[in-house]
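Inside the fold
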Amino acid sequence: MRFEIMRLDDIDGTAVDSTVVDAASVNRIVQQAAAIGQRIYIRPAETAAR
């Protein structure tokens, strides 16, 4: 499964940038964000229609 992770602005919470990662990478990214106090939003990535 893939997830979209958006980095949020510290002031108003709007998405500054985003990336799509596999499930194995989510924990590492969350730990990094927590270590520096970065706000992130995680949601399942949209899948392409088949």
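Bear in mind that the values here come from a model prediction, so they are computed numbers and not experimental data. (Residues numbered from 1 in each chain as written. Predicted model: local features only at pLDDT ≥ 70, side-chain atom pairs only at ≥ 80, totals over all residues. Heavy atoms only, no water.)

**Regarding the overall build of the protein**
Counting secondary structure elements, the protein contains one helix and three strands. Starting at the N terminus, the α and β elements of the protein follow one another as β-β-α-β. For the protein, with 50 residues in total, the buried portion stands at 22%. Residue pairs at least 24 apart in sequence account for 46% of intrachain contacts in the protein once pairs closer than 6 positions are excluded. Carbon and sulfur atoms form 50% of the exposed surface of the protein, whose accessible area is close to 3,900 Å². Side-chain charges in the protein split into 6 positive and 7 negative, and the spacing between the mean points of these groups amounts to 7 Å. (Helix = DSSP H or I, 4+ residues; strand = E, 2+ residues; numbered from the N terminus. Buried < 20%, exposed > 50% of the residue type's maximum accessible area, 1.4 Å probe, protein only. Contact = heavy atoms within 4.5 Å. Areas by Shrake-Rupley, 256 points an atom, 1.4 Å probe, with all protein chains shown as cover. Lys, Arg positive; Asp, Glu negative; His and termini not counted. Charge placed at Lys NZ, Arg CZ, Asp CG, Glu CD.)

**Some thoughts on the nonpolar core**
If you look at the biggest cluster of nonpolar residues, it comprises five residues: Phe 3, Ile 5, Val 21, Val 26 and Ile 29. Among the secondary structure elements, those contributing two or more residues to this core are strand E1 (2–8) and helix H1 (23–36). Excluding anything up to four places from it in sequence, Ile 29 contacts Ile 5 and Val 21. (Core = buried A, V, L, I, M, F, W, Y, C linked by side-chain atoms within 4.5 Å.)

**Quick look at H1**
Listed as buried for H1 are Ser 25, Val 26, Ile 29 and Ala 33. Buried residues of H1, seen end-on, are gathered within an arc of 110° and therefore sit on one face of the element. Of the exposed residues in H1, the ones pointing more than 90 degrees away from its buried face are Ala 24, Asn 27, Ala 34 and Ala 35. On its buried face, H1 sits against E1, strand E2 (15–22) and strand E3 (40–44). Positive backbone phi, at 75°, marks Gly 37, one or two positions downstream of H1. (Arc of directions from axis to C-beta.)

**Considering the sheet that holds E2**
Here we have three strands laid out as an open sheet, ordered E2-E1-E3, and antiparallel in their pairing. Pairing within the sheet leaves two strands with one partner each, and these edge strands are E2 and E3. This sheet shows a mean twist of 20° between the axes of neighbouring strands, independent of strand direction. Two elements, E1 and E3, share five bridges in a ladder whose sense is antiparallel. (Pairing = 2+ DSSP bridges. Axes fitted to C-alpha atoms, helices over the stretch in contact; angles between N-to-C directions.)

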